[in-house]
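So you can see what is in the structure, the chains are spelled out below.
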Amino acid sequence: MRSTHIQKLNMAGTFMQLHTLNLDFCTSIGSLDKDCFSCMPSLMRLSMCETRVANLWTTTAALSKLPSLLELRFQNCLCCKDTGPCPASFGVKARIAFETSSISIRDATFQGFHAKENCGDLLSLTGSALIKEGSAKFDNLSHISEAEMSSCLQRVGSIEISSAVPPNLNGLSNLENKITDKEEILARAHMWDLKNGRPTSLKNYISHHHPSPICFEKHYREYMVALLPRLEVLDNFSITKMDREMGRTIFSKYYEYLPYKRQNKQSVVTVLQKREMGTAGASCPNFSKFKQSCHHGKSQCHFSRSLTAAKLGSAAWPLLHPLHTFSHIYKEGSKRLRARQFEYHPSDSRLMVFGTLDGEVVVINHESGKLVGYVPSANNMNSILGLCWLKKYPSKLLAGSDNGCLKLFDISHIPPIVSDVNCSAGVVTFDDFDQLTSVHVNSGDDQFLASGYSKDVALYDIFSGKRLQLFTNMHREPINVVKFAHHSPFLFATSSFDHDVKLWDLRQKPQWPCYTASNSSGNVMVCFSPDDRYLLVSAVDNEVKQLLAVDGRLHMDFKIASTGSAHNYTRSYYINGSDYIISGSCDENVVRICCTQTGRRLRDVYLEDVESGNSLFVQSLRGDPFRDLGIIFVLCGIKISL
């Protein structure tokens, strides 16, 4: 079936005798459905080179339904026409040696003679056996046992060679003038580029061609090997016992199988029964043990997290469904409302407000899809970029447009109809803030801040409607976002394209920040965790970090792969309290979910228009504050149920 234009593998009937399936160059296939291979119990060999498959999670879940699958490839060796191991490839032991170049140098540090003693076996083994001048295919490795290689890898530990800075094994500061022993070793093994001072690309020394996008995912091979234990050949390379050990190690280090490090899936019904009975045990055969278990019952927080893990583990395919209100509300003349920004209601789980590119403010019930309130665009309202609900006054919300117009609305006075009649009842207008990009109300609901495409921040009084103060030159470049803390009415943070994030205190008449933290790229987003312990900072092109709010120290770098685009604006938010984050970028059609305490990736959700099959790119996103890892809303009009 290679080179066909099919978009989905909707197999009808059963294929009991089918043992080989070739889907190479089917460039319309972007994802695998849950049951697309369920009718092929005897399929042993599958090839999907140069398809658009990219999601590790759904792909492995679909492939796990193939009980007989032994050979798989998403990229092929140029000399191989089938899915079997390449006969011209270098031996297993040499390939294992090559894979040491992808091992991490993050946890191991080498200093002086002590370092040489710790890795002496590695250096001597590599120097005497692994490296021979001109032996590009490692022909001299046949005498090295797999046990010796395993010992070697264990000594290296979790070595990861940075793509930017070569490891300094001997404490040398002048890397420009002298090459370290490790670099020389890797260079002779064709693992290190001495000219550019970085590891050689995988492409430079594995002759794989026609890769699908999934092949470029970080730790792709280890992930597939770990989750497909019956697989014997991947991308024309045999899978050895060493590969499986490495796969399990890499998977446990960088990924979460289920939320909260749960190892096994469990039923939602079982969790509910345990909560009802007040016990964490699977069963209670006698009454005394049951009574003791009830006395030491688990907390509601424990059961809430257990339910989250059970729901997420029930399926690898999240439910993506559009909010019909977004696509079916039309103004006069059949002009569709174009959403630009949105916010969940802080206390009513059903309500959501969104602003449009034309300056309209729309309140909807996102559960029923019904329109609750509609404010047409006034002459002085342009694209809505700032929205914020008041917590103590749940019927009121603040809206700001990109031309600086600021208004406070009371949704109890807003009619639930789409018309061009301007409603001024219950509306408070504030002084303009030019080139506005964000607004945020403090925890006391008495003041709010506004920032924009400038270096200034303005403080307003909500009750009087007056601007209290304008803080000038707070950054060297325009300020993208300003956010108050959740529990302090005085503390707020700003993020700017000048690469800095700053924490401020209104009690100090913000003349200087409490501290400044810097990123390598311009900052797009900053927000406090719900408990105010952390700051989540998102910079251009997937640079996402979590800082300690008390002093700005780095707590977690999520190490999301960059795309190389200077216009890939990344936004990240907390979900499920402070346990996880969601992150998305405007040049990518994926929402990533990561653990805040370990940095491990829990899930990637790829977004596609169900009707057209086209990718949807993330412009803005929020986590549902009322459903633990349950629903993520993305501004492209998709609600994601995990």
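Residues numbered from 1 in each chain as written. Predicted model: local features only at pLDDT ≥ 70, side-chain atom pairs only at ≥ 80, totals over all residues. Heavy atoms only, no water.

## Things to note about the UniProt feature "repeat: WD" (unreviewed entry) in the protein
Stage number 1. Feature annotation in UniProt assigns "repeat: WD" (unreviewed entry) to the following positions: residues 472-507.
Stage number 2. Helix makes up 0% of residues 472-507 and strand 50%, whereas the separation of the span's terminal C-alpha atoms amounts to 16 Å. (UniProt positions renumbered as here; feature names shortened; annotations may be inferred. Helix = DSSP H or I, 4+ residues; strand = E, 2+ residues; numbered from the N terminus.)

## Section: the sheet that holds strand 26 (residues 491-496)
Stage number 1. On the basis of which strands lie adjacent, the open sheet formed by 4 strands has the order 25-26-27-28 and antiparallel pairing. With partners counted over all chains shown, the strands left at the sheet margins are strand 25 (479-484) and strand 28 (515-518), one partner each. Along the sheet, successive strands turn relative to each other by an average axial angle of 20°, direction set aside.
Stage number 2. When strand 25 meets strand 26, the two strands line up antiparallel, connected through 5 bridges. Following the sheet pairing, V481 is matched in strand 26 by S495. (Pairing = 2+ DSSP bridges. Axes fitted to C-alpha atoms, helices over the stretch in contact; angles between N-to-C directions.)

## Concerning the packing of aromatic side chains
Stage number 1. Inspection of the entire model under this criterion finds 14 aromatic pairs.
Stage number 2. With a centroid separation of 6.1 Å and 75° between ring planes, the pair formed by F430 and Y460 is classed as edge-to-face. With F430 in strand 20 (residues 428-430) and Y460 in strand 23 (residues 457-461), this pair connects stretches of sequence that are 30 residues apart. Neither F430 nor Y460 differs from the other in exposure class; each is buried.
Stage number 3. Centre to centre, the rings of F484 and F492 are 5.9 Å apart; their planes meet at 65°, and the pair counts as edge-to-face.
Stage number 4. On the accessibility criterion, F484 (2% relative accessible area) is buried. (Phe/Tyr/Trp six-rings, centres within 6.5 Å; stacked < 30°, edge-to-face > 60°. Buried < 20%, exposed > 50% of the residue type's maximum accessible area, 1.4 Å probe, protein only.)

## Some thoughts on the nonpolar core
Stage number 1. Ranked by internal contacts, the top residues of the largest apolar core, which has 41 residues, are L535 and F558.
Stage number 2. Beyond its immediate stretch of four places on either side in the chain, F558 contacts L536, V544, K545, Q546, I581, C594, C595, T596 and G599.
Stage number 3. Listed in part, the 36 residues of the second largest apolar core include L66, V225, F251 and Y255. (Core = buried A, V, L, I, M, F, W, Y, C linked by side-chain atoms within 4.5 Å. Contact = heavy atoms within 4.5 Å.)

## Some remarks on the sheet that holds strand 18 (residues 396-401)
Stage number 1. With respect to topology, 4 strands assemble into an open sheet ordered 17-18-19-20, the strand pairing being antiparallel. Strand pairing shows two members of the sheet lacking a second neighbour, strand 17 (384-389) and strand 20, which therefore form its edges. Averaged over all neighbouring strand pairs, the angle between strand axes comes to 20°, with direction disregarded.
Stage number 2. Bridge analysis of strand 18 against strand 19 (residues 406-410) gives 5 bridges, and the strand direction is antiparallel. The residue bridging G400 from the neighbouring strand is L406, located in strand 19.

## Description of the environment of S267
Stage number 1. Here S267 is to be found in the loop between helix 9 (241-254) and helix 10 (268-277).
Stage number 2. For the pair S267 and K311, spaced 44 residues apart in sequence, the C-alpha to C-alpha distance is 8.1 Å.

## Comments concerning the pattern of salt bridges
Stage number 1. Applying the stated criterion across every chain, the model contains 12 salt bridges.
Stage number 2. The shortest N-O distance in the salt bridge between D24 and R73 comes to 3.5 Å. Remark: R73 occurs in strand 3 (residues 71-73) and D24 occurs in the loop between strand 1 (20-22) and strand 2 (45-47); sequence separation between them is 49 residues.
Stage number 3. Judged by its relative accessible area of 3%, R73 falls in the buried class.
Stage number 4. Here D35 makes a salt bridge to K65, at a shortest N to O gap of 3.7 Å. (Salt bridge = Lys/Arg side-chain N within 4 Å of Asp/Glu carboxyl O.)

## Considering the pairing of strand 35 (residues 590-595)
Stage number 1. Most of strand 35 sits out of view: 6 of its 6 residues are buried.
Stage number 2. Going residue by residue along strand 35, you find V590, R592 and C594 tucked away on one face and V591, I593 and C595 tucked away on the opposite face as well.
Stage number 3. In this sheet, strand 35 lies alongside strand 34 (residues 580-585) in antiparallel orientation, the contact comprising 5 bridges. Paired with I581 across the strands is C594, a residue of strand 35.
Stage number 4. Joining the antiparallel neighbours strand 34 and strand 35 is a turn of 4 residues.
Stage number 5. In the sheet, strand 35 pairs with strand 36 (residues 601-606) via 5 bridges, with the strands oriented antiparallel. Across the sheet, the residue bridging to V591 is V605, located in strand 36.
Stage number 6. Joining the antiparallel neighbours strand 35 and strand 36 is a turn of 5 residues, in which G599 adopts a positive phi near 80°.

## Quick word on the packing of helix 1 (residues 56-63) against helix 8 (residues 220-227)
Stage number 1. Interaxial distance between helix 1 and helix 8 falls to 10 Å at its minimum, and their mutual angle equals 35°. Here helix 1 runs over helix 8; the crossing is right-handed. Here L56, W57, T60 and L63 of helix 1 lie close against helix 8, whose contacting residues are Y220, Y223, M224 and L227.
Stage number 2. Looking at the contact of helix 1 with helix 8 residue by residue, the class counts come to 7 nonpolar, 1 polar and no charged. (Left-handed = near helix turned anticlockwise from the far one by under 90°. Nonpolar A, V, L, I, M, F, W, Y, C, P; charged D, E, K, R; others polar.)

## Considerations on helix 10
Stage number 1. By the N-cap criterion, in which a side-chain oxygen at the helix start approaches the backbone nitrogen of a residue two or three places on, helix 10 is capped by S267, the distance to V269 being 3.1 Å.
Stage number 2. Positive backbone phi, at 70°, marks G278, one or two positions downstream of helix 10. (Polar contact = N/O pair within 3.5 Å; in protein donor to acceptor, adjacent residues only side chain to side chain.)

## Re the UniProt feature "domain: U2A'/phosphoprotein 32 family A C-terminal" (unreviewed entry) in the protein
Stage number 1. Here the UniProt-annotated "domain: U2A'/phosphoprotein 32 family A C-terminal" (unreviewed entry) positions come out as residues 217-235.
Stage number 2. In residues 217-235, the share of helix is 42% and the share of strand is 11%. The end C-alpha atoms are 14 Å apart.

## Thoughts on unusual backbone geometry
Stage number 1. In the Ramachandran plot, S3 falls in the positive-phi region, its phi being about 65° despite a non-glycine side chain.
Stage number 2. Note on placement: S3 falls in the segment before strand 1.
Stage number 3. Unusually for a residue other than glycine, F25 sits at a positive phi of about 65°.
Stage number 4. Looking at the secondary structure, you find F25 in the loop between strand 1 and strand 2.
Stage number 5. Taking the relative accessible area as the measure of exposure, F25 reaches 23% and is therefore partly exposed.

## What about the packing of helix 10 against helix 12 (residues 300-313)?
Stage number 1. Contact geometry for helix 10 and helix 12: axes closest at 9 Å, N-to-C directions at 170°. Classed by the angle they form, the pair helix 10 and helix 12 counts as roughly antiparallel. From helix 10, V268, V271, L272, K274 and R275 reach across to helix 12, where they touch Q300, F303, S306, L307, A310 and K311.
Stage number 2. Taken together, the residues of the contact of helix 10 with helix 12 sort by class into 6 nonpolar, 2 polar and 3 charged. (Parallel < 35°, antiparallel > 145°, perpendicular 65-115°, else oblique.)

## A few points about the pairing of strand 19
Stage number 1. The element strand 19 is extensively covered by neighbouring structure, given that 5 of its 5 residues are classed as buried.
Stage number 2. In strand 19, alternate side chains face the same way, and those of L406, L408 and D410 on one face and K407 and F409 on the other are all buried.
Stage number 3. With antiparallel pairing between neighbouring strands as the criterion, strand 18 and strand 19 make up a hairpin whose turn holds 4 residues, including G404 at a positive phi of roughly 100°.
Stage number 4. The pairing of strand 19 with strand 20 spans 3 bridges and is classified as antiparallel. Paired with K407 across the strands is T429, a residue of strand 20.

## As for the environment of L18
Stage number 1. Mapping L18 onto the fold places it in the segment before strand 1.
Stage number 2. A sequence separation of 25 residues divides L18 from L43, and the C-alpha atoms of the two residues are 5.6 Å apart.
Stage number 3. Excluding anything up to four places from it in sequence, L18 contacts M40, S42 and L43.

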